[in-house]
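The residues making up each chain are set out below.
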Amino acid sequence: MRILAALLSVLLVCCVSPSLGLKQVTVTPLEYTDVDGFLLEGYKSMPAATLDNGMQQVPVVVIIPDWDGVNSYEQQRATLIAEMGYIGFAADIYGINDHIVDDMARRRELATLYRTNVTLFVQRIKAAVNFVKTFDGVDADNVAVIGYCFGGTGVMDYALTGQDDVK
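Fair warning: this is a prediction, and the values are worked out from it, not measured in the lab. (Residues numbered from 1 in each chain as written. Predicted model: local features only at pLDDT ≥ 70, side-chain atom pairs only at ≥ 80, totals over all residues. Heavy atoms only, no water.)

Regarding the packing of helix 4 (residues 104–116) against helix 5 (residues 118–132)
The description of two helices packed together rests on the angle between their axes and the distance between the axes. To be explicit about the condition: In this analysis an axis means a line fitted to C-alpha atoms, helices contributing only their contacting stretch, and an angle means the value between N-to-C directions, from 0 to 180 degrees. Working definition: helices are DSSP H or I runs of at least four residues, strands are E runs of at least two. Numbering for both runs from the N terminus. Between 65 and 115 degrees an angle is taken as roughly perpendicular, under 35 as roughly parallel, over 145 as roughly antiparallel, and anywhere else as oblique. Contacts are assigned to residue pairs that have any heavy atoms within 4.5 Å of one another. Gly is put with the polar residues, along with every residue not named as nonpolar or charged; the nonpolar set is Ala, Val, Leu, Ile, Met, Phe, Trp, Tyr, Cys and Pro, and the charged set is Asp, Glu, Lys and Arg.
Direction vectors running N to C along helix 4 and helix 5 enclose 95 degrees, while the axes themselves pass 5 Å from each other. It follows from the interaxial angle that helix 4 and helix 5 lie roughly perpendicular. Together, L113, Y114, R115 and T116 of helix 4 and V118, L120, F121 and R124 of helix 5 make up the contact between the two elements. Class assignment of the residues belonging to the contact of helix 4 with helix 5 gives a composition of five nonpolar, one polar and two charged.

Structure follows, in structure tokens:
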């Protein structure tokens, strides 16, 4: 986890000028699909001035959630990233019908499914990465993926399967 935090810090320092100083953020829930047409819903947090003022394109940080789904915690992290002048996207792995998982047995079932099916896990992350690259205002050459706990496992799986479309 410390390594991921350090990598995020490097990304944030290296990819865009820290002088942006933006605080206004727009948060939008967005539906998207993976290659099999499976419906997902993520949350985009974007510095309002990115498009309004004709600002340069900025990097995007995709947040892979922990095992209880895309809830307010991931949405808040995306917003914090946007407040720093980047685009934050809280990705969905489980699908729109299991967006927030409160039931412990269902959490175990879903986490086990994705931890034992790396291809599916990577497919869902890839769907989010491809989706964010279509956003207006995104520097598609500067996309990072971060996660913690279950999400950290996904980030490692993404890297270890040779995906080279993110930083």
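Brief notes about the environment of E74
We count it as follows: Throughout, exposure labels follow a simple rule: accessible area from a 1.4 Å probe, protein chains only, divided by the maximum for the residue type, with under 20% read as buried, over 50% as exposed, and the rest as partly exposed. As used in this structure description, the phrase polar contact means that two N or O atoms lie within 3.5 Å; if the pair is within protein, one of them must be able to donate a hydrogen and the other to accept it, and residues adjacent in sequence are counted only when both atoms belong to side chains.
By the secondary structure assignment, E74 is in helix 3 (residues 72–83). Given a relative accessible area of 0%, E74 falls into the buried group. When near neighbours in sequence (up to four residues on either side) are disregarded, E74 contacts I63, P65, D66, D68, G69, A90 and Y148. Within the structure, the side chain of E74 is placed 3.1 Å from the backbone nitrogen of D66, a separation counted as a polar contact.

A word on the side chain of R124
Among the secondary structure elements, R124 is positioned in helix 5. Taking the relative accessible area as the measure of exposure, R124 reaches 5% and is therefore buried. Discounting chain neighbours no more than four positions away, the residues touching R124 are D34, F38, L40, I93, Y94 and Y114.

A closer look at the pattern of salt bridges
This is how it is decided: Throughout this description, the term salt bridge denotes a Lys or Arg side-chain nitrogen within 4 Å of a carboxyl oxygen of Asp or Glu.
By the definition in use, this model includes four salt bridges. Among the ionic pairs, R106 bridges to E109, the shortest N-O distance being 2.7 Å. Highlighted residues: R106 and E109, both in helix 4, separated by three residues, approximately one helical turn. With relative accessibility at 25%, the residue R106 sits in the partly exposed group. Salt bridges sharing partners connect three or more residues here, namely D98, R106 and E109.

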